[in-house]
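Now for the letters of each chain:
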Amino acid sequence: MWYLCVFFHRLLDYRRPEVESLAQLFASFEDPQNGDVPSQLQWKLPPHYHADSPFHFVNLPSEQLARKIANRSILVKGMYELWGEGGSYEELKESVLSYPDERKLSYLDSDSTFKITVDSFGKVISLEEQKELIHGLSYIPFKGRVKLKNPDHNFWLIEVDNYGGNNGLPPIVQKRIFFGREVGVADRKLIPTYQLKSRNYLGPTAMDAEMAFLMANQALATSGTLIYDPFVGTGSILVAAAHFGAMTMGADIDIRVVRDGRGPDRNVWSNFKQYGLPMPLGLLRADNNLPPWRPMLKEVFDAIICDPPYGVRAGGRKSGGRKLLKGAVQPYTVPDDKRTDHIPSTAPYSLVECVHDLLDLAAKMLVMGGRLVFFYPVLREEDFKETHFPEHPCFKLISSSEQILSSRYSRVLLTMVKTGPYTEEIAEAARIKHIEFKENHLKWLEDGNLHSAVFSPADAQLTEAGDSKFTKDPKPKYRGKYV
Amino acid sequence: MRLLTHNMLSSNIKGVVNGFPLRIEAEKVVEKTVEMNGEFLKKMFEKIDWKAFVDASWAMGYTELPEEADSSMLDSDEFLNRFHHALLELHLEEGALVCPETGRRFPVNKGIPNMLLHEDEV
């Protein structure tokens, strides 16, 4: 059945993939035999609507599924059974009246309570007008009692108008009115509860709560799953996964972050305690470049979620001194009496290498069907459509969602599913693919190039690009990709 | 560090062939109650190296685990409780993990194993 799916008007690229992930999660949960729910749902848009608008229609097998998705989703405002729609109130009336009675009458019962909410997008409707609009719905035979708190049935009248245009950009919606019965709405307390400003222990690259929950949803975090973050930092991503009931495990190369934090009550553990969440099953100090997992161990994590250090806010480190790895100094032995307190030197860890190690680790350690969810940076100077994402023979990319961070770069949340088992041959094939990929697409990502592309002064860029820069259209202010 | 983590770790020093299992040197062991999740335990049982797990539990001072186990035992609540306790509720707070081949000590402080290698081990 088709449901009206109303999104929050933000993180546009993340919205459909989230609903599809949740559909997969709940569908396979309800019927474990039928794990093969199509990962692509059917979607429709209202006539002449742009995909960036908040109003979409989605085809879901059951109302229960629609409710569960809406309740858990971060970007779905609500799911509604549409009773009618139109370009004007006359058209709406006709449409509602022609909606089959058997779908309506049981919700209009005299024993039930109900409430009608007027909502709008692109315009403001005063309380007076709202009252009038509600009275205008008298053609619907409501027999129940009005109850404003916790009614049995919630009805929504949503008026959408292209008020005033969008900074001179093409309109994304047309005037349209929807009337529907609420099937499920989002939990609006979730994000304020977990917002970073009230978080006990923070690092410079802590993932903001909304994004962390989106990542946990993409990773299908739920009770009984084990989720690993190889760049755990202050645990901001795992907190979201733990909220959804997942068991968590994390590693970081910086021991001060994972072990000490800022004292006994301000560390990674306290971030979980703060929200009454179960502690991570394990935290350790390890190097993603040389992971300490025992060789026979395979297919143990249900998902790996992370925000790898890509060298803009924080750079990655790996074991081995910089000079040592370049061969500038001879390998040396740490004297026995100094071993205990020795602080091993580390070398910069380029994103290319880091992503390769991550894919290799994930290919080995994820269960079949397990998900790898991570951020990948993209320079916006290049055409986004030509961006090549890292590939691995064990993985299928199922979604890529861009978040624009500045006029120069954005980050893309990639969700990959493990579709093939890990073997030595595959590891070798992946290594060759990685070298090819590195040579063709990733020159700009190495050795701090990304950092300079993001932070170099604008003037330098202008002289580099010459006059062509001035003839280029200014970037749209609107945060969608196409309008 | 819980025994689940211990069972997953090995010494990855360059040249070491058998880095698993790491021997536990326990200085301080604490117990923390964790809610039991039967499904999760059953899943993890398949991944655990049982011998290393039993030896580790002994090193932590817990001797209630049978020397051998097979998946049919998961139907017994008593077994499941012991497995749960040893896997998730015993924590090595202070101590070390020792590489079976080279004797290198990986320290465990405040429950965090430090698996980072020195320059001459990479």
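Just so we're clear, the structure is a prediction, and the values are computed from it rather than from any experiment.

So, how was this worked out
Residues numbered from 1 in each chain as written. Chains lettered and ligands numbered in written order. Predicted model: local features only at pLDDT ≥ 70, side-chain atom pairs only at ≥ 80, totals over all residues. Heavy atoms only, no water. Contact = heavy atoms within 4.5 Å. Buried area = accessible area lost by both parts, 1.4 Å probe. Salt bridge = Lys/Arg side-chain N within 4 Å of Asp/Glu carboxyl O. Polar contact = N/O pair within 3.5 Å; in protein donor to acceptor, adjacent residues only side chain to side chain. Nonpolar A, V, L, I, M, F, W, Y, C, P; charged D, E, K, R; others polar. Helix = DSSP H or I, 4+ residues; strand = E, 2+ residues; numbered from the N terminus. Buried < 20%, exposed > 50% of the residue type's maximum accessible area, 1.4 Å probe, protein only. Core = buried A, V, L, I, M, F, W, Y, C linked by side-chain atoms within 4.5 Å. Domains from an automatic or database assignment. Phe/Tyr/Trp six-rings, centres within 6.5 Å; stacked < 30°, edge-to-face > 60°. Pairing = 2+ DSSP bridges. Axes fitted to C-alpha atoms, helices over the stretch in contact; angles between N-to-C directions. pLDDT = per-residue confidence, 0-100.

## Focus on the interface of chain B and chain A
Piece 1. Chain B puts 31 residues into the contact, and the matching count from chain A is 46 residues.
Piece 2. Between chain B and chain A, a total of about 3300 Å² is buried, with carbon and sulfur atoms accounting for 60% of that surface.
Piece 3. Sorting the residues of chain B by area buried against chain A places Met8, Leu116 and Glu119 of chain B first, and these three jointly supply 24% of that buried surface.
Piece 4. The partner of Asp302 of chain A in a salt bridge is Lys43 of chain B, and the shortest N-O contact between them spans 3.0 Å.
Piece 5. At the surface where chain B touches chain A, the tally comes to 17 residue pairs in polar contact (both at pLDDT 80 or more).
Piece 6. Taken together, the residues that form the side of chain B that touches chain A break down as 14 nonpolar, nine polar and eight charged.

## Examining the side chain of Lys418 of chain A
Piece 1. Position of Lys418 of chain A among the secondary structure elements: in strand S17 (residues 409–418).
Piece 2. Within polar-contact distance, the side chain of Lys418 of chain A engages the backbone oxygen of Leu366 of chain A at 2.7 Å.

## Quick look at the pattern of salt bridges
All names here are of chain A.
Piece 1. Tallied over the full model, the rule gives 23 salt bridges over all chains.
Piece 2. Residues Glu81 and Arg103 are paired through a salt bridge, measuring 2.7 Å at the closest nitrogen-oxygen approach. You can see Glu81 sitting in strand S4 (residues 76–86) and its partner Arg103 sitting in helix H4 (residues 101–104), a full 22 residues away along the chain.
Piece 3. In this structure Glu81 comes out as buried when scored by relative accessible area, which is 0%.
Piece 4. The class of Arg103 is partly exposed, set by a relative accessible area of 28%.
Piece 5. If you follow the salt bridges from partner to partner, you end up with Glu63, Arg67, Glu81, Arg103 and Arg181 in one network.

## Structural notes on the nonpolar core
Piece 1. Ranked by internal contacts, the top residues of the largest apolar core, which has 122 residues, are Trp293, Phe301 and Leu372 of chain A together with Phe83 and Leu97 of chain B.
Piece 2. At nine residues, the largest contribution of residues to this core is made by helix H12 (residues 351–365) of chain A.
Piece 3. When residues of this core are sorted by domain, at least three fall in each of domain 1 (2–186) and domain 2 (192–331 + 342–453) of chain A.
Piece 4. When sequence neighbours within four positions are dropped, the list of residues in contact with Phe301 of chain A reads Leu226, Tyr228, Met249, Trp293, Met365, Leu366 and Val367 of chain A together with Met8 of chain B.
Piece 5. Of all hydrophobic cores here, the second largest spans 20 residues; its members include Trp43, Ala66, Ala70 and Val76 of chain A.

## Remarks on the packing of aromatic side chains
Each aromatic ring pair is characterised by the separation of its centres together with the angle its planes make.
Piece 1. Summed over the entire model, instances satisfying the criterion amount to 29 aromatic pairs over all chains.
Piece 2. Taking the centre distance of 5.2 Å and the plane angle of 65 degrees together, the rings of Trp83 of chain A and Phe155 of chain A count as edge-to-face. Of this pair, Trp83 of chain A sits in strand S4 while Phe155 of chain A sits in strand S7 (residues 153–160), and the two are 72 residues apart along the sequence.
Piece 3. Among the residues examined, Phe155 of chain A registers a relative accessible area of 0% and is labelled buried.
Piece 4. Ring centres of Trp50 of chain B and Phe83 of chain B lie 5.8 Å apart, and the angle between their planes is 45 degrees; this geometry places the pair in the tilted category. In this pair, Trp50 of chain B is assigned in helix H3 (residues 50–59) and Phe83 of chain B in helix H4 (residues 77–89), connecting sequence segments 33 residues apart. We note that Trp50 of chain B, like Phe83 of chain B, is buried.
Piece 5. Grouping aromatic residues by their ring pairs yields a cluster made of Trp83, Tyr99, Tyr107, Phe114, Phe142, Phe155 and Phe179 of chain A.

## Focus: the sheet that holds strand S15 (residues 366–379) of chain A
Residues and elements named next belong to chain A.
Piece 1. The sheet built from seven strands is open, its strands ordered S11-S10-S9-S12-S15-S17-S16 with mixed pairing. Each of the sheet's edge strands pairs with one partner strand only, and the pair in question is strand S11 (282–285) and strand S16 (395–404). Averaged over neighbouring strand pairs, the angle between their axes works out to 15 degrees when direction is ignored.
Piece 2. As defined by bridge partners, S16 adjoins S17 across nine bridges and the pair is classed as antiparallel. For Ser399, the partnering residue across the bridge sits in S17 and is Thr415.
Piece 3. Packing of helix H7 (residues 209–218) onto the sheet brings it into contact with strand S12 (301–306), S15, S16 and S17, and relative to S15 it is tilted by some 145 degrees.
Piece 4. Packing of H12 onto the sheet brings it into contact with strand S9 (226–229), S12, S15, S16 and S17, and relative to S15 it is tilted by some 165 degrees.

## Re the confidence of the model for chain A
Residue and element names in this part refer to chain A.
Piece 1. When pLDDT is averaged along chain A, the result is 85; 86% of the residues meet or exceed 70.
Piece 2. Overall, residues 32–36 carries pLDDT values under 50, and its contacts beyond four positions in sequence, including any with other chains, amount to three contacts.
Piece 3. Segment residues 460–478 is flagged for pLDDT under 50; beyond a separation of four residues in sequence, or across chains, it makes 22 contacts in the model.

## Description of the pairing of S7 of chain A
Residue and element names in this part refer to chain A.
Piece 1. Along S7, eight of the eight residues are buried, which leaves the element largely enclosed by surrounding structure.
Piece 2. Across eight bridges, strand S5 (residues 113–121) lies against S7 in parallel orientation. Bridging from a neighbouring strand, Lys115 pairs with Asn154 of S7.

## As for the sheet that holds strand S3 (residues 105–109) of chain B
Residue and element names in this part refer to chain B.
Piece 1. Taken in spatial order, the four strands make up an open sheet running S1-S2-S3-S4, and their pairing is antiparallel. Two strands in the sheet have a free side with no partner beyond their single neighbour: strand S1 (23–31) and strand S4 (112–113).
Piece 2. Sheet analysis places S3 next to S4, joined by two bridges and oriented antiparallel. The residue of S4 that forms the bridge with Val108 is Pro113.

## Some points on unusual backbone geometry
Piece 1. Look at the link from Phe20 of chain B to Pro21 of chain B: it is a cis peptide, with omega at -5 degrees.
Piece 2. A positive phi angle, close to 50 degrees, is found at Asn150 of chain A, a residue other than glycine.
Piece 3. Tracing the sequence through the fold places Asn150 of chain A in the loop between strand S6 (145–146) and S7.
Piece 4. Classification of Asn150 of chain A as exposed rests on a relative accessible area of 68%.
Piece 5. Of note in this structure, Lys110 of chain B is not a glycine but carries a positive phi near 50 degrees.

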